[in-house]
Amino acid sequence: MSRAQAESVIKNIIREIAQECAGKGQAVSETLVAFMVKAVVLDPANEFNVDRILTKDDVQKLIKICVDRLLDRRSASLDTIKMQVYFDMNYTTRADFLDEHRRVLEQRLQPVVREITDSRARTREELESLYRKIVSAVLLRSGLGSPTDIAVVREATAALQSVFPQTELGTFMSLVKRDKERQLIELTQIVTGIRLFNKECGKGGEGIDDLPAILNEAVPATTQNVDSAIQKACNTAFRYTAAIEKLQAQDPENGLPLQALTEAHINSRQHETFLRIILNDVISCAQQVEMLESQLASRLEQLQATVQSKTAVPTAQVYPQFINLAHIWSGFQDEMVLLSVLSNILASLEPYARGHMESFTEDILGPLLDGVQVKTDEERIRETTGSEHRIDPKDFRDVDWLFPESTKNFERLPLQYRGYCGWSLVKYDRLLYPGNPSIGVLRYQDRYYVFSSREAAYDFASYPDKYIMQVAECAKRSPELIQLLELHAQFATITPYTQGKEQGQMIEKPVTKCDMGIQTEVHPIESNIVKSYEWNEWELRRQAIKLANLRTKVTHSMQTNLSNLRRDNITQVYLPKEVGSQTKQDGGSNVPKPQTFLAGLRGGNTKTTVMTKMDLTLDVDQT
């Protein structure tokens, strides 16, 4: 079967499962169905062989098992999978959230902007209508008030007229479409800055919410809600852990299935993980709001100093400040959007963690906890902290152990299984114990493992491949562990999601060994490195000649009797250039040639000879 045919068969199976669930009153997404299909196929209890083609009976069996699991309303495992699918589809990084928000905003503004850029207004009424549309576009893009509020429209119109009077509409309409859109964005930023500055001066600000004050109330409230949710999820997980430990130690035959309790324990741990991711984002929001408040106060103070009580201020000085003020306010708006999204995700996760709490009420869980001490993760870590619990690296030859005092960036190690003990996962049937890095972190095949006890570390390090495979088998029986423990490398069919990764920060690799050498450093401090240093003597010579600029200098030399023939003196000069100059040229003019005629030289009838000289030269005008 080709890849295309296999994908077509899988799509048909997913579609049929979704239709059957919808027919029984349970609407499920195709993503959830696809995840469930993979989980059922991976589970060895279902006896599906992935190396052979599924027969018709196998397909029907697969569909039936998937439908039964998807319709099980009391399954904590299904709730965990639904929680993972929801979080995977709705959570993304901070930058992606904001990019999507801006894209949606621009898409909604596109009809209004297109109506302005495509306008061919000619009459006075049409030009006034176009100007009103520009005011509405400015208000919609800035988000400072409603375009239907008359007071807001008047204030925005007055601010726009001070920057872009109606007489400029002709120039605006002569621009190309892209320049029009660019000018609309710039006008929006300037008008936004003007209105915010007027609000600060007490001369306007109609319809503008005090976002810094709102955020200063919303961020702590959201942080408190997330903290309380984390505390509740942790307490539930601690109680489940204590109950499972008691049941596994006694191994009695009772009416409470250990499998359901384990699934509820995994659900609470997954809920806690997602809540901590949200908490990190809320903390980032708080830090961003604090920085924006500082920038806003500084910008407003600078604007006050620039404007003061002047009747006219150069636009080159004040417009960039208005634009910067608008950018700062846009940052507050982004934090409002991000905080709203995180609050919605927080509220949406809660129903997925409610099912097992309704199943394991206090009446059911209370008797199991009689005489049992419920320990927190912190208490378990404290019990295994100390020199007597640490690993002795000398006991192992082929594996590396990392410790806080000998490893750089120890606290940033990307721990395998999200910091849970892999040995406990196998020994206690998918029970999630927190690992203690102070015992020692095992580095095996470029992965880092932590353990809940010294015995667990020794046993795991003796047979690491066996335990790694057994952890994968545990994940096949509880497929929700693939996402929780980040086992995507072992299950290539499951696509990982990038949750909790801080944007713009790289995980630094731990440094435990390095080549060392001792010698005098040329520049031990980075700031003292001379960037213009040059070792090539010919390059230094070239630079020296360039600096001397001998073309404008006169070379002088002097020799005395004592220094005569003592050393060679060489001076390098630029060769003289070939130059020429233009001199006076010979010139002439065309004038009449002088002609004369002498008459009477031959004599004649007269006794005496009389010479007569006649001038036959033509005049200049006649030539």
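Before reading on, note that the structure itself is shown above.
All of the points below concern the structure found in this document. Keep in mind the model is a prediction, meaning the values are calculated, not measured. (Residues numbered from 1 in each chain as written. Predicted model: local features only at pLDDT ≥ 70, side-chain atom pairs only at ≥ 80, totals over all residues. Heavy atoms only, no water.)

Moving on, we get to the overall build of the protein. Each helix and strand in the protein was counted, giving 20 helices and five strands. The buried share of the protein, reckoned over its 623 residues, is 37%. Accessible surface computed for the protein: about 39,100 Å², of which carbon and sulfur atoms make up 50%. (Helix = DSSP H or I, 4+ residues; strand = E, 2+ residues; numbered from the N terminus. Buried < 20%, exposed > 50% of the residue type's maximum accessible area, 1.4 Å probe, protein only. Areas by Shrake-Rupley, 256 points an atom, 1.4 Å probe, with all protein chains shown as cover.)

This brings us to the packing of aromatic side chains. Any aromatic ring pair is given by two values, namely how distant the centres are and how the planes are angled relative to each other. One pass over the full model with this rule turns up 18 aromatic pairs. Seen in terms of ring centroids, Phe-87 and Tyr-91 are 4.7 Å apart; in terms of plane orientation they differ by 15°. Their pairing is stacked. The exposure classification of Phe-87 matches that of Tyr-91, with both residues buried. Relative to Phe-460, the ring of Tyr-449 lies with its centre 5.2 Å away and its plane at 40°, an arrangement referred to as tilted. Of this pair, Tyr-449 sits in strand β3 (residues 447-449) while Phe-460 sits in helix α17 (residues 454-462), placing them 11 residues apart in sequence. Assigned by exposure class, Tyr-449 and Phe-460 land together as buried. (Phe/Tyr/Trp six-rings, centres within 6.5 Å; stacked < 30°, edge-to-face > 60°.)

A few words now on the pattern of salt bridges. Scanning the model with the defined rule gives 24 salt bridges in all. Here Asp-179 makes a salt bridge to Arg-182, at a shortest N to O gap of 2.6 Å. One end of the pair, Asp-179, and the other, Arg-182, are both in helix α9 (residues 177-201), three residues apart, so they sit about a helical turn from each other. Given a relative accessible area of 47%, Arg-182 falls into the partly exposed group. Of the charged contacts, one joins Arg-354 and Glu-350 as a salt bridge, the two residues approaching to 2.5 Å between their closest N and O atoms. Judged by its relative accessible area of 37%, Arg-354 is partly exposed. Residue classification places Glu-350 among the partly exposed residues on the basis of a relative accessible area of 32%. Members of the salt-bridge network, linked through shared partners, are Arg-269, Glu-272, Arg-276 and Asp-377. (Salt bridge = Lys/Arg side-chain N within 4 Å of Asp/Glu carboxyl O.)

Membership of the largest hydrophobic core comes to 70 residues, with the highest contact counts inside it found for Ile-134, Ile-278 and Phe-332. Ranked by size, the runner-up nonpolar core spans 46 residues in total, among them Leu-261, Leu-425, Ala-461 and Ile-468. (Core = buried A, V, L, I, M, F, W, Y, C linked by side-chain atoms within 4.5 Å.)

This part covers the environment of Tyr-240. Relative to the helices and strands, Tyr-240 resides in helix α10 (residues 211-250). A relative accessible area of 1% means that Tyr-240 is categorised as buried. Taking the C-alpha atoms as reference points, Tyr-240 and Ala-264, separated by 24 residues in sequence, lie 7.6 Å from one another. Ignoring sequence-local partners within four residues, the contact set of Tyr-240 consists of Leu-261, Ala-264, His-265, Ser-268, His-356, Met-357, Phe-360 and Leu-365. (Contact = heavy atoms within 4.5 Å.)

With that settled, the discussion passes to α9. With 25 residues, α9 ought to run about 36 Å at 1.5 Å a step, and its terminal C-alpha atoms sit 36 Å apart, in line with that. Immediately beyond the C-terminal end of α9, within one or two residues, lies Gly-202, with a positive phi of roughly 75°. (Expected span 1.5 Å × (residues − 1).)

What follows concerns empty space enclosed by the protein. Going through the model one piece at a time under the given rule, you end up with one cavity of 30 Å³ or more. Those elements that place two or more of their residues in the lining of the largest cavity are α6 (124-142) and α9. Tallied by class, residues from the lining of the largest cavity come to five nonpolar, two polar and one charged. (1 Å grid on protein atoms, 1.4 Å probe; cavity = no way out; pocket = protein on both sides within 12 Å on 5 of 7 lines; lining within 4 Å. Points joined across faces, edges and corners; volume = space filled by probe spheres on them. Nonpolar A, V, L, I, M, F, W, Y, C, P; charged D, E, K, R; others polar.)

Once that is clear, we can look at the side chain of Ser-119. One can find Ser-119 in the loop between α5 (94-117) and α6. Within the structure, the side chain of Ser-119 is placed 3.4 Å from the backbone nitrogen of Ala-121, a separation counted as a polar contact. Non-local contacts of Ser-119, meaning those with residues more than four positions away in its chain, are made with Leu-130, Met-173 and Lys-180. (Polar contact = N/O pair within 3.5 Å; in protein donor to acceptor, adjacent residues only side chain to side chain.)

With that out of the way, let us pick up unusual backbone geometry. One non-glycine residue with positive phi stands out, namely Asn-409, at about 60°. Positionally, Asn-409 belongs in the loop between β1 (400-402) and α16 (422-427). Positive phi is not limited to glycine here, since Arg-430 has a value of about 70°. On the basis of relative accessibility, which here comes to 2%, the residue Arg-430 falls in the buried class.

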